[in-house]
Amino acid sequence: MTATLDRTQVAPTRPAAQLTGVAKVFGTGAGAVTALTGVDLRVEPGEFVCLLGASGCGKTTLLNLLAGLDRPTRGTVDVATDRPAVMFQEPALLPWLTAVRNVELPLRLAGVGRSNRRGTANELLELVRLDGQARKRPHELSGGMRQRVALARALAATTVDTTSGDAEKGGRLMLMDEPFAALDAITRDVLQGELERVWRATGTAVVFVTHDVREAVRLGQRVVLLSSRPGTVVREWDLTGTADRRALTGEITDHLREVISTHGRAA
Amino acid sequence: MAAPPETVRVVDRDAAAAVAGLDALDTPTVTRTPLWRRALGATVPPVLTLVVVIVAWQALWASALFPEFKLPAPGTVAEQFGEIVVDGSIWSITWTSVGRAVVGFLVAVAIATPLGLLVAKVAFVRTAIGPLLSGMQSLPSVAWVPAAVLWFGLTDATIYFVVLLGSVPSIANGLVSGIDQVPPILGRVGDVMGAGRLASARLILLPAALPGYLAGCKQGWAFAWRSLMAAEIIATSPQLGVGLGAYLKQGSDVNNIAGVISAIVLILIVGVGIELLVFKPLERRVLQTRGLAAPV
Ligand SMILES: Nc1ncnc2c1ncn2[C@@H]1O[C@H](COP(=O)(O)OP(=O)(O)O)[C@@H](O)[C@H]1O
Ligand SMILES: [Mg+2]
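Quick notes on the rules
- Residues numbered from 1 in each chain as written.
- Chains lettered and ligands numbered in written order.
- Predicted model: local features only at pLDDT ≥ 70, side-chain atom pairs only at ≥ 80, totals over all residues.
- Heavy atoms only, no water.
- UniProt positions renumbered as here; feature names shortened; annotations may be inferred.
- Helix = DSSP H or I, 4+ residues; strand = E, 2+ residues; numbered from the N terminus.
- Rg over C-alpha atoms; globule rule 2.2 N^0.38 Å.
- Buried < 20%, exposed > 50% of the residue type's maximum accessible area, 1.4 Å probe, protein only.
- Contact = heavy atoms within 4.5 Å.
- Lys, Arg positive; Asp, Glu negative; His and termini not counted.
- Charge placed at Lys NZ, Arg CZ, Asp CG, Glu CD.
- Pairing = 2+ DSSP bridges.
- Axes fitted to C-alpha atoms, helices over the stretch in contact; angles between N-to-C directions.
- Near = heavy atom within 4 Å.
- Polar contact = N/O pair within 3.5 Å; in protein donor to acceptor, adjacent residues only side chain to side chain.
- Areas by Shrake-Rupley, 256 points an atom, 1.4 Å probe, with all protein chains shown as cover.
- Core = buried A, V, L, I, M, F, W, Y, C linked by side-chain atoms within 4.5 Å.
- Domains from an automatic or database assignment.
- Buried area = accessible area lost by both parts, 1.4 Å probe.
- Salt bridge = Lys/Arg side-chain N within 4 Å of Asp/Glu carboxyl O.

Chain B has the name Sulfate ABC transporter permease in an unreviewed UniProt entry, where Pseudonocardia hydrocarbonoxydans is given as its organism. The annotation that UniProt attaches to chain B under Sequence similarities (unreviewed entry) is "Belongs to the binding-protein-dependent transport system permease family." Per its UniProt entry, chain B bears the Subcellular location (unreviewed entry) comment "Cell membrane".

An unreviewed UniProt entry annotates chain A as Sulfate ABC transporter ATP-binding protein of Pseudonocardia hydrocarbonoxydans.

In structure tokens, the structure reads:
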């Protein structure tokens, strides 16, 4: 009886990702750059977290640590899935492959059979409303469409996990590094809506990096503000149940300004 | 599961419409010209050039500024050409050379590809032989003919040696620059998906480097062909048979200017022909799938 209770209580609390006392220093000696210091961050399964900060504050460094592309100098990084998906500012599609074959790429690398991966890729293209464009190559698509193909590809990557398999959806994690920063305002607005819809449909945990306060407030369940040089968590806002997001945007913008101004004074 | 409430469905329908509208507005449009217009556009200008050259040549000949043994009439060259076509020697001459060039080129590809990969991917190899490889590219391979004759005698080995030295550096350098020009973000795409070195090379790096590699092959072919001609002109002997170079040399030896010009025209035709029939379509396809060349 107690064992059953334990399982139901413990299993859901394993975070999708957790950073504890993380520091990252590039280089050694006099030229060393401390990109991050004392970062604690916990991302619940299925949660949408926005990391907000000025450029150079270590957002990309933090994502690289979560993605397992780099190791922290101090502290621990614990990620539930062994293969978090990553989306960059550029779509970074392979220009010689059609949209559907680009989406298939992570499945192909994971050794998924041809017909299975084609099926998954087509479903995901439909999810991002590109089912009619599966056979087009990246140069035949608009910037927004390319970024949606990249989104579908990242989603495909979240479906392959050699440790937990498909069953444990809770472990899925998508890392997005300013994915809409290079798009025009109208496309960005539409894609933010699309991302929100896709996130609700898939239940993937998302860590979304941005330097745009409005974007963070619109998308995030939680907004985490980072300071610069070295990057560390300054403040967090829980947005679930926030009615007046506009007022909060103002508040967060003020904080961000304050963080940035301290650098002017220091210099 | 309960159906979503009406408001959710309306919002989703609006979003779908907005996405569809944006896609319709933003999708790059391609206008394709019909095939016959493309064929006409591609053939008319060079044919015109050819006509102008022949007319000018004829006029120059008619002016009698140069003696006949220096400048024959276009008709005389055509006659000479007709002769070798009729007696069939044109085929054996051309085939002797083309066969050598193709074999030499294929061997060069087989050597240059691993070499290029090593230079591109191993830092030590790059610093050690990278400059040498670039230097070799600017060294005319004719310079190797006398040495090769001393080493290998008047044999096929001499000819292949010169051809390889002419084309290997171009192909290897093409592959190196193709790899160097792969945007680093594509490598990162493989990294974040957990691709191993081999899978990453096969699925990402090599296909991405293909345009540069192909450009190198094209140049490598041109260098193989001109090196071969140099070797055939200088190294002639009965056991080597008569290729285009030897045919040209024979014409020159007996002061047959029409024969010499026929040989030059043939060398040109083969060079241009392979370029147009093999490399151009291949390159066009590769560039077009990548959106690197406008579809004409
Ligand atoms: N590989 C590296 N070597 C040295 N310094 C680095 C490296 N990567 C990032 N940095 C430094 O770390 C800081 C944070 O960089 P980054 O994470 O890219 O910031 P952001 O993504 O927030 O703009 C910057 O000051 C940057 O110069
Ligand atoms: Mg960054």
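Bringing the overall build of chain B into the picture now. Scanning chain B from N- to C-terminus turns up 11 helices and 0 strands. Scanning chain B from its N terminus toward the C terminus, one meets helices and strands in the order α-α-α-α-α-α-α-α-α-α-α. Here the C-alpha radius of gyration of chain B, 27 Å, is well above what a compact globule of 296 residues would show, namely 19 Å. Each principal axis of the C-alpha distribution contributes one length, and for chain B these read about 95 × 50 × 30 Å. Here chain B, with 296 residues, has 37% of them falling under the buried criterion. Sequence separation of at least 24 residues holds for 70% of the intrachain contacts in chain B that already meet a minimum separation of 6. Distance between charge centroids for chain B: 6 Å, based on 19 positive and 16 negative side chains.

Quick look at the sheet that holds strand β2 (residues 33–43) of chain A now. Sheet strands associate in pairs through backbone hydrogen bonding, adopting either a parallel or an antiparallel arrangement. Residue and element names in this part refer to chain A. Taken together, 3 strands build an open sheet; the order of strands is β2-β1-β4 and the sheet is antiparallel. Lying at the two open borders of the sheet, with one neighbouring strand each, are β2 and β4 (74–79). Adjacent strand axes in the sheet meet at a mean angle of 25°, parallel and antiparallel pairs treated alike. Where strand β1 (residues 17–26) lies against β4, 5 bridges are found, and the strand directions are antiparallel. In the sheet register, A17 faces β4, and the bridge partner there is V79. Packed onto the sheet, helix α2 (residues 59–67) meets β1, β2 and β4 and runs at close to 120° relative to β1.

What follows is about the site of ligand 1. Residue and element names in this part refer to chain A. Around ligand 1, the neighbouring residues are F26, A35, S55, G56, C57, G58, K59, T60, T61 and R229. Here C57 contributes a backbone N or O atom positioned 3.2 Å from an oxygen atom of ligand 1. Residue T60 places a side-chain N or O atom 2.6 Å away from an oxygen atom belonging to ligand 1. Relative to its unbound accessible area of 560 Å², ligand 1 is 61% covered by the protein chains. Counting residues per element, the shell around ligand 1 draws most heavily on α2, at 3 residues.

Turning our attention to the nonpolar core. The biggest cluster of nonpolar side chains holds 85 residues, and the ones touching the most others in it are A:L62, A:L66 and B:W225. Ranked by residue count, the leading element in this core is helix α9 (residues 197–234) of chain B, at 13 residues. Counting residues domain by domain, this core receives three or more from each of domain 1 (22–82 + 166–267) and domain 2 (91–162) of chain A. If we ignore the near neighbours within four places in the chain, the residues touching B:W225 are B:S97, B:V98, B:A101, B:L244, B:I267, B:V270 and B:G271. Membership of the second largest hydrophobic core comes to 50 residues, among which are A:F48, A:L130, A:L141 and A:L239.

Right, let's get into the interface of chain B and chain A. Between chain B and chain A, the contact holds 28 residues from the first and 32 residues from the second. Summing the contributions of chain B and of chain A, the shared interface buries around 2700 Å²; its carbon and sulfur component is 70%. Its largest share of buried area at the contact with chain A, chain B owes to B:V192, B:M193 and B:L203, together 24% of the area lost on that side. The salt bridge partner of B:D23 is A:R148, with a shortest N-O separation of 2.8 Å. On inspection of chain B and its partner chain A, the count reaches 2 residue pairs in polar contact (both at pLDDT 80 or more). Sorting the residues of the side of chain B that touches chain A by element identifies α1 (6–26), α8 (184–192), α9 and α11 (257–289) of chain B as the ones contributing at least two each.

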